[in-house]
Amino acid sequence: MNKFILLLLFPVLSFSQTLSEDLEFYDNGKTRVKVFKNMDLEIFKRNIYAASGKLISSYNYDPKTGLKDGEFIDGPNKGLFNKKARKN
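Parameters and conventions
- Residues numbered from 1 in each chain as written.
- Predicted model: local features only at pLDDT ≥ 70, side-chain atom pairs only at ≥ 80, totals over all residues.
- Heavy atoms only, no water.
- Pairing = 2+ DSSP bridges.
- Helix = DSSP H or I, 4+ residues; strand = E, 2+ residues; numbered from the N terminus.
- Polar contact = N/O pair within 3.5 Å; in protein donor to acceptor, adjacent residues only side chain to side chain.
- Patch = residues over 30% accessible without salt bridge, like charges linked within 9 Å, V, L, I, M, F, W, Y side chains within 5 Å.
- Areas by Shrake-Rupley, 256 points an atom, 1.4 Å probe, with all protein chains shown as cover.
- Salt bridge = Lys/Arg side-chain N within 4 Å of Asp/Glu carboxyl O.
- Buried < 20%, exposed > 50% of the residue type's maximum accessible area, 1.4 Å probe, protein only.
- Axes fitted to C-alpha atoms, helices over the stretch in contact; angles between N-to-C directions.

Colleague: Just checking my understanding: could you explain the pairing of strand β3 (residues 43–49) for this structure?
Modeller: Where a strand is regular, its side chains alternate between the two sheet faces. As paired elements, strand β2 (residues 31–37) and β3 share five bridges and run antiparallel to each other. Opposite F36, over in β3, you have K45 as the bridge partner. Once β2 ends, the chain turns through five residues before running back antiparallel as β3, passing L41 with a positive phi of about 60°. Relative to strand β4 (residues 55–61), β3 runs antiparallel, the two sharing five bridges. Each residue of the ladder has a partner; that of K45, found in β4, is N60.

The following block contains the structure:
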């Protein structure tokens, strides 16, 4: 029975994975820029960190258009890019 459940869950878990890649680093070795990609290797999120490792900004992107879409953090500001509002 356990093997059957595992076989059912395996495809769901394997297709929902995302990849992360550290693009830039500080001299102290900590990550400066990290991007997250879907299984088609399209960027859907980009995080920028301070030298201390604290998150400075985070933007979500529409992987098909490359435009900012969804939640964002930029310093003390937080919000939501609305695709529908951009079309008007």
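Read on for the rest.
Colleague: Would you explain the side chain of D62 in this entry?
Modeller: With respect to the helices and strands, D62 occurs in the loop between β4 and β5 (68–74). Within the structure, the side chain of D62 is placed 3.0 Å from the backbone nitrogen of K64, a separation counted as a polar contact.

Colleague: Is there a simple way to explain a nonpolar patch on the surface in this structure?
Modeller: There is a patch of nonpolar side chains on the surface, built from L19, M39 and L41 and spanning about 280 Å² of accessible area. Within the secondary structure layout, L41 lies in the loop between β2 and β3. The exposure class assigned to L41 is exposed, which follows from its relative accessible area of 55%.

Colleague: Hey, could you run me through the sheet that holds β4 in this one?
Modeller: Adjacent strands of a sheet form backbone hydrogen bonds with each other and so pair up, either parallel or antiparallel. Pairing is antiparallel in the open sheet, where six strands are placed in the order β1-β2-β3-β4-β5-β6. The sheet is open, and its two borders are formed by β1 (19–25) and β6 (77–81), each paired with just one other strand. Sheet twist, expressed as the mean angle between neighbouring strand axes with direction ignored, is 10°. The sheet contact formed by β5 and β6 spans five bridges and is antiparallel. Its bridge partner being in β6, E71 is matched across the sheet by L80.

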